[in-house]
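# Notes for the structure review
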Amino acid sequence: MESRAPSTLSMTEFPVPKGVFAEAAVSVHHYTQKLFKFRMTRPRSFRFRSGEFVMIGLPNAAKPVFRAYSIACPSWDEELEFYSIKVPNGPLTQHLQKIKAGDMILMRRKPTGTLVNDALLPGRRLFLFSTGTGIAPFASIIRDPETYEKFETVVLTHTCREVAELAYGQELAALTYDDPLVGEEAQDRLTLYSTTTREASAVTGRITHLLNSGKIFEDLGIEPLDSTKDRCMICGSMGMLHDTKSLLQDMCFNEGSNRDPADFVIERAFAENDS
Ligand code: A2P
């Protein structure tokens, strides 16, 4: 369901706080009762590195509630895209899920985050492990030419409870294979591995189980993880971050940061977003 009609809530007299951009929603698409994406205008001066996040809010209170959102588009995009969960009674998302084209959206000026190429040492293969809306930062990473300069192959895994929740990732992969900038590289070197845990699909099971059992490597016909050559990014719920991180640490992967690049990075900012 695509909505592009201007809304009555648009551009109020809201006094925009210092350090905040006031932008307009351009389009909204609802995937399921729990998931939607929106695009908004991009401030001309706004720059970000692929994989970073910003704080997003709405002009609906004197002190707006802000939540961390990964920027889910390439750094050259003229608009900004975000992928969101709808948390019932969530301070931000109970309102954000109702936005329509033309509505005002607030965005703090400074992007930040650890899911960036700069926080990883050079390597051969890049593994991007995501669950749910944790795929959002990777929507930016897999469309960045630097990713294909730095790594020979990229494996994006996306695990959700149900099949309908995999749609965003599948749409993203199709767009990337067709991308004018990285399409050719992606067709040869990017693989999407989608799995479900509470409904039957081509591959079922948590990513942690699929890594432990080695099924992912069998399915894709690739070598098991090797900390001397492979680099990883992880984005999902607190539990998923914790379990995937310990699994990698058991395989001698070291956690990196912007200041101290290493073998894998995780982002804690969105875990339990909007509760
Ligand atoms: P499961 O259905 O077995 O809980 P959520 O919507 O709760 O964030 O879950 C999104 C996906 O992440 C689900 O497929 C869920 O599997 C999976 N998941 C939840 N916790 C973990 C974890 N600790 N490790 C790996 N995957 C997880």
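Residues numbered from 1 in each chain as written. Predicted model: local features only at pLDDT ≥ 70, side-chain atom pairs only at ≥ 80, totals over all residues. Heavy atoms only, no water.

### Here we look at unusual backbone geometry
- One non-glycine residue, Asn89, lies in positive phi territory at about 65°.
- The topology assignment puts Asn89 in the loop between strand S6 (79-85) and helix H1 (93-96).
- With phi around 70°, Cys252 is a residue other than glycine that occupies positive phi space.
- Here Cys252 shows up in the loop between helix H8 (238-250) and strand S12 (264-266).
- Classification of Cys252 by relative accessible area gives exposed; the value is 55%. (Helix = DSSP H or I, 4+ residues; strand = E, 2+ residues; numbered from the N terminus. Buried < 20%, exposed > 50% of the residue type's maximum accessible area, 1.4 Å probe, protein only.)

### Here we look at the nonpolar core
- The biggest cluster of nonpolar side chains holds 31 residues, and the ones touching the most others in it are Leu128, Phe138, Ile142 and Met233.
- Mapped by element, the contributors of at least two residues to this core are strand S8 (125-131), helix H2 (136-141), strand S9 (153-160), helix H4 (167-177) and strand S11 (230-235).
- Counting residues per element, this core draws most heavily on H2, which supplies four residues.
- Split by domain, this core shows at least three residues from each of two domains, domain 1 (2-108) and domain 2 (117-273).
- Contact partners of Phe138, with chain neighbours within four places excluded, come to Leu115, Leu128, Phe129, Ser130, Leu156, Met233, Ile234 and Cys235.
- One finds Ala25, Phe82, Leu92 and Ile105 within the second-largest nonpolar core, a separate group that totals 21 residues. (Core = buried A, V, L, I, M, F, W, Y, C linked by side-chain atoms within 4.5 Å. Domains from an automatic or database assignment. Contact = heavy atoms within 4.5 Å.)

### Points about the domain arrangement of the chain
- Considered domain by domain, the chain is made up of domain 1 (2-108) and domain 2 (117-273).
- Summarising the inter-unit geometry, the C-alpha centres of domain 1 and domain 2 are found 25 Å apart.
- At the interface, 24 residues of domain 1 touch 24 residues of domain 2.
- Across the domain 1/domain 2 interface, buried area totals approximately 2000 Å², and carbon plus sulfur atoms make up 56% of it.
- Run the count over domain 1 and domain 2 and you get three salt bridges.
- Between Glu165 and Lys34 there is a salt bridge, with its nearest N and O atoms 3.5 Å apart.
- For the side of domain 1 that touches domain 2, the secondary structure elements donating two or more residues are strand S3 (35-41), strand S5 (67-70) and S6.
- Per-class residue counts for the side of domain 1 that touches domain 2 are 14 nonpolar, five polar and five charged. (Buried area = accessible area lost by both parts, 1.4 Å probe. Salt bridge = Lys/Arg side-chain N within 4 Å of Asp/Glu carboxyl O. Nonpolar A, V, L, I, M, F, W, Y, C, P; charged D, E, K, R; others polar.)

### Quick notes on H8
- Taking 1.5 Å of rise per residue, 13 residues should cover 18 Å, and H8 covers 18 Å from first to last C-alpha, within 8% of that figure.
- Buried within H8 we find Met240, Leu241, Thr244, Lys245, Leu247 and Leu248. Buried positions in H8, seen along its axis, are confined to an arc of 160° and lie on one side of it. Those residues of H8 that are exposed and angled more than 90 degrees off the buried face are His242 and Asp250.
- At the exit of H8 stands Cys252, carrying a positive phi of roughly 70°. (Expected span 1.5 Å × (residues − 1). Arc of directions from axis to C-beta.)

### Details of the site of the ligand
- Around the ligand sit Thr131, Thr159, Cys160, Arg161, Thr197, Arg198, Arg206, Thr208, Ser237, Gly239, Met240 and Asp243, and those are all the residues in its vicinity.
- Contact distances for the ligand include 2.8 Å between an oxygen atom and a side-chain N or O atom of Arg161.
- Contact between the ligand and Asp243: a nitrogen atom at 2.8 Å from a side-chain N or O atom of the residue.
- Within the complex, 79% of the 550 Å² of free accessible area of the ligand lies under protein.
- Of all the cavities here, the one that holds the ligand is the largest pocket.
- Secondary-structure elements contributing two or more residues to the shell around the ligand are S9 and H8.
- Among the elements that take part in the shell around the ligand, H8 stands out by supplying three residues, more than any other.
- Of the residues assigned to the shell around the ligand, the class counts are two nonpolar, six polar and four charged. (Near = heavy atom within 4 Å. Polar contact = N/O pair within 3.5 Å; in protein donor to acceptor, adjacent residues only side chain to side chain. Areas by Shrake-Rupley, 256 points an atom, 1.4 Å probe, with all protein chains shown as cover. 1 Å grid on protein atoms, 1.4 Å probe; cavity = no way out; pocket = protein on both sides within 12 Å on 5 of 7 lines; lining within 4 Å. Sits in = over half its atoms within 2 Å of the grid points.)

### Observations concerning the confidence of the model for the chain
- In the predicted model, the chain carries a mean pLDDT of 93, and the fraction of residues at 70 or more is 94%.
- Segment residues 1-10: pLDDT under 50, and 23 contacts once partners within four positions in sequence are set aside and those in other chains are kept. (pLDDT = per-residue confidence, 0-100.)

### Observations regarding the pairing of S11
- Where burial is concerned, most of S11 is hidden: six out of the six residues are buried.
- Burial along S11 is two-sided: the face carrying Asp230, Cys232 and Ile234 and the face carrying Arg231, Met233 and Cys235 are both buried.
- Here S8 runs beside S11; their pairing, made up of six bridges, is parallel. The residue bridging Ser130 from the neighbouring strand is Cys235, located in S11.
- Here three bridges tie S11 to S12, and the two strands are oriented parallel to one another. (Pairing = 2+ DSSP bridges.)

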